[in-house]
Amino acid sequence: MAEPVQTVSYREATEADFPVIKGMYEQLNSYFYQVGYRLPHPENVGEIWLDSFRRTLGRFSNVHVAEMEIDGQKQVVGFMLCRLKRVPAYMGGVIVGELSDMWIDGRARRMGIGDKLSRLAIEWMRQQGAHSIEIQVLKDNEASWKLYERMGFKLEFRVGRLLWDEYEEG
Ligand SMILES: CC(C)(COP(=O)(O)OP(=O)(O)OC[C@H]1O[C@@H](n2cnc3c(N)ncnc32)[C@H](O)[C@@H]1OP(=O)(O)O)[C@@H](O)C(=O)NCCC(=O)NCCS
């Protein structure tokens, strides 16, 4: 017999969701180091991350969450944080939207949740007047790039990092 289809619901996050999404961000941040990230790892990274957007929520940032019933309980199984920024005047001075961070619980992957959360963020930023949407994907994160590429994202930047012990001095 076919598995019953899981119902997933979506909404904007509130302060009450912060402890859960903070924990998810900590898992995401650890994952970054597996897929190419080379910046330092602060001690209380989840708390610092929350502080980077909590005061601008609903204006210059937004978090959407997905909820699903697991073991008879409705639980948050994923989040997406997006941010709006104004680029400098010499770059056109427009507002650009950024898909900033996303994590989907391992039990809820490949169900279309990442796709839906991304689109909710994109639509919110479109309504706020964003000129375009940016995404930064770490070099070995193929799953994530695939997800965005099929939405229409085109590669535009390459970002490199020089660590001092790797510097080929002239
Ligand atoms: C990347 C991630 C967000 C995808 O979430 P998800 O809910 O499983 O993705 P979806 O089910 O919406 O997948 C949409 C499409 O993306 C692509 N995709 C997603 N996961 C993939 C994987 N592991 N391998 C290859 N392609 C993948 C596929 O094209 C997929 O469509 P399909 O299932 O019809 O083939 C999730 O795997 C995750 O949380 N990864 C760790 C954190 C991360 O990389 N976050 C994003 C960067 S900040």
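Refer to the preceding data block for the structure.
Let us look at the structure shown here. (Residues numbered from 1 in each chain as written. Predicted model: local features only at pLDDT ≥ 70, side-chain atom pairs only at ≥ 80, totals over all residues.)

## Thoughts on the overall build of the protein
In terms of helices and strands, the protein carries four helices and five strands. Each helix (α) and strand (β) of the protein, taken in turn from the N terminus, gives the series β-α-α-β-β-β-α-β-α. Dimensions of the protein, computed from the C-alpha atoms along their principal axes, are close to 65 × 40 × 30 Å. Within the protein, the proportion of its 170 residues that are buried is 16%. Looking at the protein alone, contacts between residues at least 24 apart form 61% of all its contacts between residues at least 6 apart. (Helix = DSSP H or I, 4+ residues; strand = E, 2+ residues; numbered from the N terminus. Buried ≥ 20, exposed ≤ 12 C-beta atoms within 10 Å, placed from the backbone. Contact = placed C-beta atoms within 7 Å.)

## Concerning unusual backbone geometry
The phi torsion at D71 lies on the positive side, around 50°, for a residue other than glycine. Its place among the elements puts D71 in the loop between β2 (61–70) and β3 (73–86). One non-glycine residue, R110, adopts positive backbone phi at about 60°. Within the secondary structure, R110 sits in the loop between β4 (95–104) and α3 (113–127).

## Some thoughts on the site of the ligand
Residues in close proximity to the ligand total 19 residues, the closest being R109, G114, D115, A143 and L147. When contributions to the shell around the ligand are tallied by element, the ones reaching two or more residues are α1 (18–32), β4, α3 and α4 (142–149). Tallied by class, residues from the shell around the ligand come to nine nonpolar, four polar and six charged. (Near = placed C-beta within 6 Å. Nonpolar A, V, L, I, M, F, W, Y, C, P; charged D, E, K, R; others polar.)

## Focus: the sheet that holds strand β5 (residues 132–135)
Within a sheet, neighbouring strands are paired by backbone hydrogen bonds and run either parallel or antiparallel to one another. What the five strands build is an open sheet, ordered β1-β2-β3-β4-β5; its pairing is mixed. Across the chains shown, the open sheet's two edge strands, defined by having one partner strand only, are β1 (8–12) and β5. The average angle at which neighbouring strand axes cross in this sheet is 25°, direction not considered. Here β4 runs beside β5; their pairing, made up of four bridges, is parallel. Residue pairing in the sheet places G97 in a bridge with I133 of β5. Strands in contact with α3 are β1, β2, β3, β4 and β5; relative to β3, the strand with the most contacts, it is inclined by about 40°. (Pairing = 2+ DSSP bridges. Axes fitted to C-alpha atoms, helices over the stretch in contact; angles between N-to-C directions.)

## A short note on the pairing of β2
Looking at chain direction, β1 and β2 are connected through five bridges and run antiparallel. Residue pairing across strands places V8 opposite M68, the latter belonging to β2. Across 10 bridges, β2 lies against β3 in antiparallel orientation. Each residue of the ladder has a partner; that of I70, found in β3, is Q73.

## Topic: the pairing of β4
Where β3 meets β4, nine bridges bridge the pair, whose relative direction is antiparallel. What sits directly across from M80, in β4, is M102. Tracing the backbone out of β4, into α3 and back to the parallel element β5 gives a crossover that is right-handed. (Right-handed = clockwise from strand over helix to strand, strands pointing away.)

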